[in-house]
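Fold and contact review
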Amino acid sequence: MSTPVAAFSPSRHRAYRMLVLTELRLAWRTPSYLVVALGIPVLLTVIFGSIPSLTEPSKTFGGASFFTIYTPTLMVLVLIVLGFVSLPASMATYRQQGVLHRMSTTPVPASALLGAQVAVNVGFVLVSVALILGVGAGAFNLVLPLQFGWLVLSLALSVGAMFGIGLCIAAFAGSGRIALAIGGLLFYPMAFCAGMYGPLTVYPNVVRQIAKWAPTGAAFNALHDSLGGHFPGWMSLGVLVAYAVVFSAIAVRWFRWDVERAQIRSGRILALLTLTLTVALPGDLSGEQVTRALSDGLSPRYAVEPATKFRGRLFGLRTVPAGPDVIVVSTGVSGLGRAEVRVVRTPGDTRVRIRSGGQVLYSALSVASRVRRVLQRDLGDVRSRPTNRST
Amino acid sequence: MSEVLANDSPVVIAVEHLHKAYGATVAVDDVSFSVQAGEIFGVLGRNGAGKTTTVECLSGLRVPDGGCLDVLGLDPREDGRELHERVGVQLQESALPPKIRVAEAVELYASFYRRPADGDHLLDVLGLDEKRGSYYRDLSGGQQQRLSIVLALIGQPEIAILDELTTGLDPQARRETWELIEDVRDSGVTIVLVTHFMEEAERLCNRVALIDHGKVIAVGPPANLGEQASTSKRVRLRASDQLSDKVLESLPEVSAVEHHGPDLVVIGSGDLVTAVVLAFDRAGLVAKDVRTESSTLEDAFLALTDAADAEATAGGLTP
């Protein structure tokens, strides 16, 4: 695909306007992110604002009230939901569904859709921040000696850092589900660093020292200082700039518009977490022979079953048998130890590839090595040797 | 491959020695053909033959590893944007967000082009008028396909590339789609139709390119390909009375006559049915239940791909 450098003609403006409008409509029709990103922070503002003890200055928080110290946390929470979860999940889903592919055949590049997504999500961030501050000030006398200039700068850098990381997730996740999983994995530690589980001042100093290097911790500190009327400090701003630059650069470099290449990439990352053993066995062995050897040779707590694979891309996703040469070995009870055994016949001998992983590494190692031992004992001969090279 | 053009219309797509590999997998080995203005050109082949990769290279979605491409005087590698203004593409595995409404999708895609067509009119023509307010996910497979034709035509393209358009449609919807494609051609749009349905290619295409294992194995009008594969036609019929075999065998189109019980099977080439029926008519007899078991494009396809397979095996390249 040609590098998308938009020549701004009047019609191009119309295309971008329509894309933003469409994204707004679609967000409105699937409002789960909006509820979390706009509704919950406002709701929490109302709840905390209504509890008198939380709006009074407290020694625990260095003379500030819980309410004022929780306000920047809510802002960072909005950034996490929109930047780490909503943006990457919808981009990866668009790619997986072929929406980006479809757009690539038009004069407007698919990157314009990405731009529209970012614009819409940044818009939601601004609305949400305005609501938090507006409701706090209007209804609960949240008096903040805020420095407007520093607040805008801190917010802009926070958006840059969080959305940069979000685009990176979108670049590497092969599907919307993987993007959601990564976002979910990041959510709790990131929210913790922004003080969602209590202001970090109540935690030991070492926790605070670590948190200030996290993107959400730095964003919290910058926003907190700006709302308190102070200069945010070079440390917080520098950390945010570094995250924004590094992750945006990675995203721009590695983003793939078509799903095959994205999945290959995501497969390579998963392969790092996967253990592969290859056994060479003499003679031509059928999948049935290997299945029988495994059923007989492994202890009864392992289930040996024919593998299934997914068929169909978008609609009617179903599983079909993967054929006799692909076998799944799993520990029946926990299902934790699980290996895929694939029989590949080459002239002269048979190679059996055992892949396991994606779970607790110990069980992966254990089930794969047991499968290998049984195959070598029952189907190999004295000359058989394991190979390290997986093909 | 020296290629027979259908007429003297200008060539709008020229593909020469296109080559594209993904890692060790060669998707397109050596593909050459040209498409003339105003025709429906079929790209025909089995699944995995390299059809989609070929049209993706034509559409500027993939960068070929080798060969020359010329589409409307543009190089898809260089002039992607201008190409996309003038070439409408409908590809497999393309979709729209589930919750976009039909009219919104059409309006959105219309905004991408300099001179968009009248979206309402296109929706009318493709029978989606009543579905304007429906979500994309609520459309039937046939309706989704028709919407994707609308989107491929919304930019008023000179060429429309349609990939596996009727796959997954029921026979009724498929026939309706064929009529639509002919209407689009009649409105002056050149069409490149990728398909693995022989019937579809036979019915619609002025010319087809048969692709197998990433190579073009034949190009020409569907009827000519039957001859190229040197397969013969068979006409099976029942006559009201016996006509001497000699009379039939004397016809230039006929090569052999067989009797299968009450049925007469005439084997030959050319316009066999007409020749045989006329012969019966001249003798004052009536030929009933005339069925052609003629060598179809499908036979031609099988014969040609088998030949290609045999050649590959002989050369030591097992497929």
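Residues numbered from 1 in each chain as written. Chains lettered and ligands numbered in written order. Predicted model: local features only at pLDDT ≥ 70, side-chain atom pairs only at ≥ 80, totals over all residues.

**Focus: the overall build of chain B**
Threshold: Only DSSP runs of H or I reaching four residues or more are called helices, and only runs of E reaching two or more are called strands; each is numbered from the N terminus. Counting other C-beta atoms within 10 Å of each residue's C-beta, where C-beta atoms are placed from the backbone, gives the exposure class: buried for 20 or more, exposed for 12 or fewer, partly exposed between. Residue pairs are scored as contacts if the distance between their C-beta atoms, which are placed from the backbone, is within 7 Å.
Looking only at helices and strands, one finds eleven helices and 13 strands in chain B. Per-residue burial for chain B yields a buried fraction of 41% across its 319 residues. A fraction of 70% describes how many contacts in chain B between residues 6 or more apart in sequence connect residues 24 or more apart.

**Looking at the overall build of chain A**
The helix and strand inventory of chain A stands at 14 helices and eight strands. A buried classification covers 41% of the 391 residues belonging to chain A. Sequence separation of at least 24 residues holds for 73% of the intrachain contacts in chain A that already meet a minimum separation of 6.

**Concerning the packing of helix H3 (residues 102–110) of chain B against helix H5 (residues 141–153) of chain B**
Residue and element names in this part refer to chain B. Put simply, the rule is: Fitted lines through C-alpha atoms serve as axes, helices being fitted only where they are in contact, and the angles separating the N-to-C directions of these axes extend from 0 to 180 degrees. If an angle is under 35 degrees, it is roughly parallel; if it is over 145, roughly antiparallel; if it lies from 65 to 115, roughly perpendicular; otherwise it is oblique. If you view the pair so one helix is near and one far, a crossing is left-handed when the near helix is turned anticlockwise from the far one by less than a right angle, and right-handed when it is turned clockwise. We call Asp, Glu, Lys and Arg charged. Ala, Val, Leu, Ile, Met, Phe, Trp, Tyr, Cys and Pro are nonpolar, and the rest, Gly among them, are polar.
The contact between H3 and H5 brings their axes to 9 Å, and the two run at 20°. Classified by the interaxial angle, the pair formed by H3 and H5 is roughly parallel. As for the relative orientation of H3 and H5, their crossing is right-handed in sense. The residues of H5 that touch H3, namely those facing Val102, Ala105, Val106 and Tyr109, are Leu147, Val150 and Leu151. For the contact of H3 with H5, the residue count by class is seven nonpolar, no polar and no charged.

**So, the interface of chain B and chain A**
In this assembly, 23 residues from chain B lie in contact with 24 residues from chain A. Those elements giving two or more residues to the side of chain B that touches chain A turn out to be helix H2 (80–86) and H3 of chain B. Its residues placed into classes, the side of chain B that touches chain A shows eleven nonpolar, five polar and seven charged.

**Thoughts on the nonpolar core**
Quick note on the threshold: Residues enter a nonpolar core if they are buried, belong to Ala, Val, Leu, Ile, Met, Phe, Trp, Tyr or Cys, and are joined to the set through C-beta atoms within 7 Å.
Counting residues in hydrophobic clusters, the biggest one holds 147 residues, and the most contacted among them are A:Ala219 and B:Val150. Top contributing element to this core by residue count: helix H4 (residues 66–97) of chain A, with 19 residues. Look past the residues within four positions of A:Ala219 in its chain and what remains in contact with it is A:Val76, A:Leu79, A:Ser158, A:Ala161, A:Met162, A:Ala194 and A:Leu240. A:Leu277, A:Val279, A:Leu281 and A:Val329 belong to the second-largest nonpolar core, a separate cluster that totals 20 residues.

**Let's talk about the sheet that holds strand S12 (residues 263–268) of chain B**
All names here are of chain B. As a reminder of what qualifies: DSSP bridges decide pairing: two strands pair if at least two such bridges lie between them.
With respect to topology, four strands assemble into an open sheet ordered S11-S12-S10-S13, the strand pairing being antiparallel. Edge positions in the sheet fall to strand S11 (254–260) and strand S13 (287–292), since each of these pairs with one other strand and no more. Each strand axis lies, on average, 20° off the axis of its neighbour in the sheet, ignoring direction. Pairing of strand S10 (residues 233–239) with S13, which is carried by four bridges, proceeds in the antiparallel orientation. Bridging across to S13, arginine 236 finds its partner in arginine 291.

**Looking at helix H10 (residues 215–227) of chain A**
Given 3.6 residues per helical turn, the α-helix brings residues three or four places apart onto the same face. All names here are of chain A. Keep this limit in mind: Given the number of residues in a helix, its expected span is that number minus one, multiplied by 1.5 Å.
Compared with the 18 Å implied by 1.5 Å per residue over 13 residues, the 18 Å span of H10 between its first and last C-alpha is a close match. Most of H10 is tucked away: 13 of the 13 residues are buried. Following H10 by one or two positions, glycine 229 has its phi on the positive side, about 85°.

**Points about unusual backbone geometry**
Residue and element names in this part refer to chain B. Unlike most non-glycine residues, glutamine 156 shows phi in positive territory, near 50°. Along the chain, glutamine 156 turns up in the loop between H5 and strand S6 (159–163). Overall, the presence of 16 C-beta atoms within 10 Å leaves glutamine 156 in the partly exposed class. One non-glycine residue, glutamate 164, adopts positive backbone phi at about 50°. Looking at glutamate 164, the number of C-beta atoms within 10 Å reads 21, which means it is buried.

**Here's the deal with the confidence of the model for chain A**
Quick note on the threshold: pLDDT expresses, on a scale from 0 to 100, how confident the predictor is about each individual residue.
Overall, the prediction assigns chain A a mean pLDDT of 79, with 82% of residues at 70 or greater. Per-residue pLDDT stays below 50 along residues 1–8 of chain A; that stretch engages in twelve contacts with residues further than four places along the chain or on separate chains.

**Notes on the pairing of strand S5 (residues 87–90) of chain B**
Residues and elements named next belong to chain B. Here S5 shows no split at all, with Val87 and Val89 on one side and Gly88 and Gln90 on the other all buried. As paired elements, S5 and S6 share four bridges and run parallel to each other. Opposite valine 89, over in S6, you have isoleucine 161 as the bridge partner.

**Focus: the environment of B:Phe33**
All names here are of chain B. Among the secondary structure elements, phenylalanine 33 is positioned in strand S2 (residues 25–36). By C-beta crowding, phenylalanine 33 is classed as buried, having 21 other C-beta atoms within 10 Å. Residues phenylalanine 33 and alanine 218, spaced 185 residues apart in sequence, show a C-alpha to C-alpha distance of 9.6 Å.

**Considerations on the environment of B:Leu74**
If you trace the backbone, B:Leu74 turns up in the loop between strand S4 (66–71) and H2. Remark: the alpha-carbon pair of B:Leu74 and B:Ile13, spanning 61 residues in sequence, is separated by 9.3 Å.

**Focus on the packing of H4(A) against H10(A)**
All names here are of chain A. Contact pair H4 / H10: the axes reach a minimum separation of 9 Å and the direction vectors enclose 140°. Our classification of the angle between H4 and H10 gives oblique. For the pair H4 and H10, the sense of crossing is right-handed. Mapping the contact onto sequence places Thr71, Pro72, Thr73, Met75, Val76, Leu79 and Ile80 in H4 and Thr216, Ala219, Phe220, Leu223, His224 and Leu227 in H10. For the contact of H4 with H10, the class distribution of residues is nine nonpolar, four polar and no charged.

**Thoughts on the pairing of S11(B)**
Residues and elements named next belong to chain B. For S11 and S12, the ladder comprises six bridges, and the chain directions are antiparallel. The residue of S12 that forms the bridge with alanine 256 is isoleucine 267. Counting the residues that bridge the hairpin from S11 to S12 gives two residues, and of these glycine 261 lies at a positive phi of roughly 60°.

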